[in-house]
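Chain residues, written in single-letter form:
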Amino acid sequence: MTMDSQATGRPGADDVDVPQKIDTSVPHSARIWNYWLGGKDNFAVDREAGDQYRQVFPGVVDVARASRQFLVRSIMFLAGEAGVRQFLDVGTGLPTANNTHEVAQGIAPDARIVYVDSDPLVLVHARALLVGTPEGRTAYIDGDLHDPAAVIAEAGRTLDFQQPIGLILSGVMGHVPDYETARSITRQLVASLPSGSYLSLNDGTSLISAEMQQAQDDYNDTGATPYTLRSPDEIAGFFDGLELVEPGVVPCPRWRPDDTVDTPEDIDAFGGVGRKN
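It should be emphasised that the depicted structure is a prediction, and the values quoted were computed from it without experimental measurement.

(A) The arrangement of helix H7 (residues 148-155) in detail. Every buried residue of H7 is accounted for by Pro148, Val151, Ile152 and Ala155. Mapping the buried residues of H7 onto a view down its axis gives an arc of 95 degrees, with all of them on the same face. For H7, the exposed residues set more than 90 degrees away from the buried face come down to Ala149 and Ala153. Taken together, the buried residues of H7 touch strand S1 (86-90), strand S2 (112-117), strand S3 (137-142) and helix H8 (179-191).

See below:
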């Protein structure tokens, strides 16, 4: 579940021209996540923060992988069994292996995907790398999770909001510290979708390991954008009003597991998929 930029023949973050508004002195979660997954779209400050986190909680790499694997399996379900042909991936992070459009269009070449993120480094790499099939369409929005109306308006240039859409919120709602605000954002995004649409959401918890919470607290103290770990019940609350797909909201490795993946079953990443009726 990793992609090494040397193997792909493209430069890492340290080798590209950095837009002025990227602050390379403060760690960024998307770049740390990329580092944990084996990518090179990160800077020294991100690698240092990632290593410090891992010293306190070595299992964080398993959490990152489990979250990514859940994302892949949920998209496979949506594009396959559920027949969804449109995807809105909000807070996509840096491109790595098995991106949303690659998984969806691998099953349905005519699928349309819109990525949304506000990090300038993500924007640089996404525009260069997130290229879909000739039959489908892949677009990128420089948008803010906190402004769902603007995200929906811009996504409407690519997606047909009269047809079912798979909304992807993978590891992003923790960046909204207040739970009710996070739920409000999710409700606004889901409210804009037609019947037959789905929400795929996963986020971090500290249920399994107390070290996860300590490592997250230490990271939040660095001055980087904080991330709030939530309880499984709080994560389940994002699906209020939706019909949960079996097996519900569970540790990510337990959601329609892939026997070929070697990841602990109980892990501090919970996720689920819900259908809007």
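Moving on from the coordinates now.
(B) Focus on the packing of aromatic side chains. Tallied over the full model, the rule gives 6 aromatic pairs. Note on tyrosine 179 and phenylalanine 238: the rings are 5.6 Å apart at their centroids and 70 degrees apart in plane angle, and the pair reads as edge-to-face. Here tyrosine 179, found in helix H8, pairs with phenylalanine 238, found in the loop between helix H10 (232-237) and strand S6 (243-244); they are 59 residues apart in sequence, far enough to count as distant. Across from the ring centre of tryptophan 255, 5.5 Å away, lies the NZ or CZ of arginine 256, which sits over that ring.

(C) Region of the structure containing the nonpolar core. By size, the foremost hydrophobic cluster in this structure holds 49 residues, and its most contacted members are Tyr53, Leu78, Phe87 and Val273. For this core, the leading source of residues is helix H4 (residues 60-79), giving 12 residues. The contact partners of tyrosine 53, leaving out residues within four places of it in the chain, are Trp36, Val60, Met212, Ala215, Gln216 and Tyr219. Within the second largest apolar cluster, 32 residues are counted, among which are Ala155, Phe161, Val172 and Leu242.

Rules and cut-offs
Residues numbered from 1 in each chain as written. Predicted model: local features only at pLDDT ≥ 70, side-chain atom pairs only at ≥ 80, totals over all residues. Heavy atoms only, no water. Buried < 20%, exposed > 50% of the residue type's maximum accessible area, 1.4 Å probe, protein only. Helix = DSSP H or I, 4+ residues; strand = E, 2+ residues; numbered from the N terminus. Arc of directions from axis to C-beta. Contact = heavy atoms within 4.5 Å. Phe/Tyr/Trp six-rings, centres within 6.5 Å; stacked < 30°, edge-to-face > 60°. Lys NZ or Arg CZ within 6 Å of the ring centre and 35° of its normal. Core = buried A, V, L, I, M, F, W, Y, C linked by side-chain atoms within 4.5 Å.

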